[in-house]
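# Structural overview
In case you want the letters, here they are:
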Amino acid sequence: MKYDIIYSITAHEHIASVFGMYENIVKFHPGLSVLVVVHCEDPLYALKDTIPQRENLLFNPVRYKKARFSSSIFLAHLDNYDLVKHHDFDFFCLLSSNNMFVRPIDLEAVKKS
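In this report, we go over the structure that sits alongside the text.

Conventions adopted
- Residues numbered from 1 in each chain as written.
- Predicted model: local features only at pLDDT ≥ 70, side-chain atom pairs only at ≥ 80, totals over all residues.
- Heavy atoms only, no water.
- Helix = DSSP H or I, 4+ residues; strand = E, 2+ residues; numbered from the N terminus.
- Rg over C-alpha atoms; globule rule 2.2 N^0.38 Å.
- Buried < 20%, exposed > 50% of the residue type's maximum accessible area, 1.4 Å probe, protein only.
- Contact = heavy atoms within 4.5 Å.
- Pairing = 2+ DSSP bridges.
- Axes fitted to C-alpha atoms, helices over the stretch in contact; angles between N-to-C directions.
- Patch = residues over 30% accessible without salt bridge, like charges linked within 9 Å, V, L, I, M, F, W, Y side chains within 5 Å.
- Areas by Shrake-Rupley, 256 points an atom, 1.4 Å probe, with all protein chains shown as cover.
- Salt bridge = Lys/Arg side-chain N within 4 Å of Asp/Glu carboxyl O.
- Core = buried A, V, L, I, M, F, W, Y, C linked by side-chain atoms within 4.5 Å.

### Overview of the overall build of the chain
Looking only at helices and strands, the chain has four helices and four strands in total. Its C-alpha atoms give the chain a radius of gyration of 14 Å, within 12% of the compact-globule value 13 Å for 113 residues. Dimensions of the chain, computed from C-alpha atoms along their principal axes, come out at roughly 35 × 30 × 25 Å. Counting across all 113 residues of the chain, residues that qualify as buried make up 41%. Restricting the contact set of the chain to residue pairs at least 6 apart, pairs at least 24 apart contribute 68%.

### Re the sheet that holds strand 2 (residues 34-40)
Ordered by their spatial adjacency, four strands build an open sheet running 3-2-1-4, and the pairing between neighbours is parallel. The sheet terminates laterally at strand 3 (57-59) and strand 4 (88-96), the two strands that pair on one side only. Adjacent strand axes in the sheet meet at a mean angle of 20° when their direction is disregarded.

### What about a nonpolar patch on the surface?
Where nonpolar side chains cluster on the molecular surface, the patch consists of Phe74, Leu75 and Leu78 and spans about 270 Å² of accessible area. Locating phenylalanine 74 in the fold gives a position in helix 3 (residues 72-84).

### A short note on the nonpolar core
A general trend in soluble globular proteins is that nonpolar side chains are found buried together. Judged by nonpolar contacts, the single largest core of 23 residues is most densely connected at Ile25, Val38, Leu57 and Phe59. Secondary-structure elements contributing two or more residues to this core are strand 1 (2-11), helix 1 (15-27), strand 2, helix 2 (42-45) and strand 3. At six residues, helix 1 tops the list of elements feeding residues into this core. By size, the runner-up hydrophobic cluster in this structure holds six residues, among which are Tyr3, Leu35, Val37 and Val84.

Such coordinate-based values are descriptive only and should not be taken to indicate function.
In structure tokens, the structure reads:
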């Protein structure tokens with residue numbers, strides 16, 4: 001399957017927040033094919049099966065603690081990229097776990113930027 005956008009998220013909040021972010025992405029990407037890949041720490045990863053499973057929501061099995069003002073958050077995004085680099089996609093976008101979309105994405109505008 002080809003994805004228009006793959007979103008990489010580093011998460012440390014509650015599992016419901018992760019799923020809420022996933023739902024927000026899906027809501028504001030109508031007609032687009034998106035894949036969301038989440039990098040989290042062990043306690044959150046252990047709860048991944050408590051939310052509805054989606055084919056376009058992946059949890060990276062590589063897990064470690066991330067710290068602000070270090071390279072660990074960037075490295076987590078690189079780990080997410082390594083997990084999905086074999087997929088066919090147009091854009092790979094980094095998000096933090098507190099990003100939320102407020103209007104639909106215009107893929108043509110993204111392509112022009």
